[in-house]
Amino acid sequence: MEVLSNKGGDHIFKIENVAVHLNGKYLIHDVSFTVPKGQITAVIGESGSGKSTTLSALLGMLPAQAVMEGSILFNERNLMELSEQERAGLRKKHFFTIFQDATNSFSPTLKIKQQLYRLTASRLGQKEEAFLGKITAILKDLNLPEDVLNRYPFELSGGMLQRCMLACAFYNEPDVLMADEPTSALDMLHQQEFIKLLKNLHARLGATIILITHDLGVAAIADSMIVMKNGEIVEAGQVAEIFKEPKHPYTKRLVANHF
Amino acid sequence: MRTQRKYPLFWIVLLALIFTTTIFSSLLAPFEPNAMDMNQIYKAPNATHLLGTDQLGRDVLSRLLVGGKVTLFIAIISVVLSSIIGIIYGGISGYFGGAIDAVMMRILEAFLTIPSLVIVLALQAIMQGSVWRMAMIMGVTGWFVTARIVRSEFIRLKELEFVQMAKMFRTPLWKILFGHLLRNCIPAIFVVTIFNFAGAIFTEVSLSFLGIGVPPATPSWGTMLYTAQNDLLVGAWWMGLFPGLFIFVTILCVQVIGGTFKQGGRSHI
């Protein structure tokens, strides 16, 4: 596919002057940043800062009434110029998204096996036998017992369900993994475990990861970082540098509170 | 985690017993339900006629079993119809939301301000007729609660991540509606349908008791209570007691079963 070819540049996403407004009110404005290929980019900010809206814009999943300005280039191709069908194709084959609430990411009345199949193999057009072999190995890697496949979501903990989502990411090997507050619904122990697995995934697949979080501890695993406040980017740069020497007062406060 | 649901086994068995005896009533009834015997008028319960006979010498037990078939048939048909209407109406309202939802809900509220029994009464009075027609009338007037519940479930479910994810991958609308939304409403629909069923039995009985339900010649639990009004005056207590008991026990069974599912359902939803 044409979109796949990475014509020059080491960035996979290039976001330029993106603004989104809904009913006359700006949700985000003047948002420009690049997402380096094969790296982890963290987007930090409190709720309402516009980080989830930015993610929705990248996915092309903004609410129907919202108006977007600016341009988003994915592998040098402007997402705004794609048809809805082409965008759905991108979401199916090249992206994978993990949401905050793993419990609600699964339909309550379907067994995990069927849901994981729908999220992975059926999208890639693979048969069920091939799926079972591969997913079983992945589940084992993620410390999930094999019998989760025959369970219903309500029988599993939030941490287990989030790991099931991660299993889909391992299976699909997406070009970009987007994780929207993936650890916020988990307890401390599960958070650390999840982060470890996420790093593991990054090391193994070399996928580009966009990690949205309000927790600096989680953002520490990223290479670069974008700090958002009130719909604007207030600071961007390498994580190590920002942690060492924050420039914007808001980032200073965040970093001071973290350490 | 899963909470073990206690099945109300006793009530399920009792209800199943009532259902099977009424379904096979033509085989099980000791007498032909409309066979008159002028020598056996108003006999109190005895060895031959276990629940006594009526003013025409007909066997009360046989008529109760056959009448149960009519009552339960009306209740089932009306509940199936009202559930279908309620699911479609509530589903459209809840899924599409916005102006469609607002208009549909105001219409529904207008209906809800009038007790449905009154609407049924009016419709029955205009087009009184067969058992089928009565079931239809009860069906088209009994879907309000189902519609509201389906609507609120759809509104809750459509915002959840798994539905959003399905939309993200351009899952066809019908798959989202049936496979994701309706499928997850079934526990709630099941519970409200059970209670609607109990309500439908009660409506048939009430209407027939008022003389505008099932045509009087057709035995049903309601028409039997209707004729019992006169029979009680001549001291034939069994004419009122036994139909009343059957109605009471059936509705009780349905309510208890519905209640258990209502509680059990919470841990799932």
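Residues numbered from 1 in each chain as written. Chains lettered and ligands numbered in written order. Predicted model: local features only at pLDDT ≥ 70, side-chain atom pairs only at ≥ 80, totals over all residues. Heavy atoms only, no water.

Trainee: What should I look at first to understand the overall build of chain B in this one?
Mentor: Within chain B, the regular secondary structure consists of 11 helices and zero strands. The N-to-C order of helical and strand elements in chain B reads α-α-α-α-α-α-α-α-α-α-α. For the C-alpha atoms alone, the extent of chain B along its principal axes is close to 75 × 45 × 25 Å. Put simply, chain B has 269 residues, and 46% of those count as buried. Considering only intrachain contacts with a sequence separation of at least 6, the fraction spanning at least 24 residues in chain B is 69%. For chain B, the computed accessible surface area is about 13,200 Å², with 71% contributed by carbon and sulfur atoms. (Helix = DSSP H or I, 4+ residues; strand = E, 2+ residues; numbered from the N terminus. Buried < 20%, exposed > 50% of the residue type's maximum accessible area, 1.4 Å probe, protein only. Contact = heavy atoms within 4.5 Å. Areas by Shrake-Rupley, 256 points an atom, 1.4 Å probe, with all protein chains shown as cover.)

Trainee: How do you make sense of the pairing of strand β2 (residues 25–36) of chain A when you look at a structure like this?
Mentor: Taken residue by residue, a regular strand's side chains alternate between the two faces of the sheet. Residue and element names in this part refer to chain A. Across eight bridges, the pairing between strand β1 (residues 11–22) and β2 is antiparallel. Paired with Leu22 across the two strands is Lys25, which belongs to β2. Linking β1 back to β2 in an antiparallel pair, the connection comprises two residues, with Asn23 at a positive phi of about 50°. (Pairing = 2+ DSSP bridges.)

Trainee: Can you walk me through the environment of A:Ser122 in this structure?
Mentor: Within the element layout of this structure, A:Ser122 appears in helix α4 (residues 121–124). Separated by 3.5 Å, the side chain of A:Ser122 and the backbone oxygen of A:Arg118 make a polar contact. (Polar contact = N/O pair within 3.5 Å; in protein donor to acceptor, adjacent residues only side chain to side chain.)

Trainee: Would you mind going over the side chain of B:Ser82 with me for this structure?
Mentor: All names here are of chain B. The residue Ser82 is located in helix α3 (residues 60–96) in this model. We classify Ser82 as buried; its relative accessible area is 3%. Within the structure, the side chain of Ser82 is placed 3.1 Å from the backbone oxygen of Val79, a separation counted as a polar contact.

Trainee: Even after reading the chapter, I still don't get the sheet that holds strand β5 (residues 77–78) of chain A, so can you show me in this structure?
Mentor: Paired through their backbone hydrogen bonds, the strands of a sheet run either parallel or antiparallel. Residue and element names in this part refer to chain A. Read from one edge to the other, the open sheet built from four strands follows the order β2-β1-β4-β5, with strand pairing classed as antiparallel. Whereas interior strands pair on both sides, the edge strands pair on one side only; in this sheet they are β2 and β5. Summarising the sheet, strand β4 (residues 67–74) and β5 pair through two bridges and their orientation is antiparallel. Within β5, the position partnered with Phe74 by the bridge is Arg77. Against the sheet, helix α1 (residues 51–59) engages β1, β2 and β4, with an angle of about 65° to β2. (Axes fitted to C-alpha atoms, helices over the stretch in contact; angles between N-to-C directions.)

Trainee: Help me understand a positive patch on the surface in this model?
Mentor: A contiguous patch of positive charge on the surface is contributed by A:Lys92, A:Lys93, A:Arg118, B:Arg170, B:Lys175 and B:Arg183. Within the residue set of the positive patch, elements represented by two or more residues are α2 (84–93) of chain A together with α9 (173–209) of chain B. Within the fold, B:Arg183 resides in helix α9. (Patch = residues over 30% accessible without salt bridge, like charges linked within 9 Å, V, L, I, M, F, W, Y side chains within 5 Å. Salt bridge = Lys/Arg side-chain N within 4 Å of Asp/Glu carboxyl O. Lys, Arg positive; Asp, Glu negative; His and termini not counted. Charge placed at Lys NZ, Arg CZ, Asp CG, Glu CD.)

Trainee: Please explain the sheet that holds strand β7 (residues 176–180) of chain A as it appears in this structure.
Mentor: Residue and element names in this part refer to chain A. As summarised here, the arrangement of the six strands in space is β6-β7-β8-β3-β9-β10, forming an open sheet in which the pairing is mixed. Each edge of the sheet is formed by a strand with only one pairing partner; in this case those strands are β6 (95–98) and β10 (232–238). In this sheet, neighbouring strand axes are inclined to one another by 15° on average, regardless of whether the strands run parallel or antiparallel. As judged from the six bridges shared by strand β9 (residues 224–229) and β10, these two strands associate in the antiparallel manner. When the sheet's bridge partners are listed, Lys229 is paired in β10 with Glu232.

Trainee: I would appreciate a short explanation of the packing of aromatic side chains in the present structure.
Mentor: We describe a pair of aromatic rings using the distance from one ring centre to the other and the angle between the two ring planes. A complete count under the given rule lists 18 aromatic pairs over all chains for this structure. Judged by centre distance (6.0 Å) and plane angle (25°), the ring pair of B:Phe19 and B:Phe197 falls under stacked. Of this pair, B:Phe19 sits in helix α1 (residues 9–23) while B:Phe197 sits in helix α9; the two residues are 178 residues apart in sequence, bridging distant segments of the chain. Clustering of aromatic rings is evident, with ring pairs tying together B:Tyr89, B:Phe111, B:Trp143 and B:Phe144. Lying over the aromatic face of A:Tyr171, A:Lys134 brings its terminal NZ or CZ to 4.3 Å of the ring centre. (Phe/Tyr/Trp six-rings, centres within 6.5 Å; stacked < 30°, edge-to-face > 60°. Lys NZ or Arg CZ within 6 Å of the ring centre and 35° of its normal.)

Trainee: Help me understand the pattern of salt bridges in this model?
Mentor: Charged atoms that come close allow side chains of opposite charge to pair. Counted under the stated rule, the structure contains 12 salt bridges over all chains. Between A:Glu86 and A:Arg77 there is a salt bridge, with the nearest N and O atoms lying 3.3 Å from each other. We classify A:Arg77 as partly exposed; its relative accessible area is 26%. A salt bridge links A:Glu84 to A:Arg91; its shortest N-O distance comes to 2.9 Å. Assessed through its relative accessible area of 36%, A:Glu84 is described here as partly exposed. Taken together, the salt bridges that share partners define one network made up of B:Asp54, B:Arg58 and B:Arg63.

Trainee: Would you explain the interface of chain B and chain A in this entry?
Mentor: Interface size is commonly expressed as the accessible area that is lost once the parts come together. Taken residue by residue, the interface counts 15 residues in chain B and 24 residues in chain A. Note on chain B versus chain A: buried area summed over both sides is about 2,000 Å², and carbon and sulfur give 64% of it. The largest contributions to the chain B side of the interface with chain A come from B:Met168, B:Phe169 and B:Arg170, which together make up 33% of the buried area. Summed over the shared surface of chain B and chain A, the number is zero salt bridges. Counting across the chain B and chain A interface gives six residue pairs in polar contact (both at pLDDT 80 or more). Listed by contribution, the elements that provide at least two residues to the side of chain B that touches chain A are α8 (161–168) and α9 of chain B. Ranked by residues supplied to the side of chain B that touches chain A, first place goes to α8(B) with six residues. Its residues placed into classes, the side of chain B that touches chain A shows six nonpolar, four polar and five charged. (Buried area = accessible area lost by both parts, 1.4 Å probe. Nonpolar A, V, L, I, M, F, W, Y, C, P; charged D, E, K, R; others polar.)

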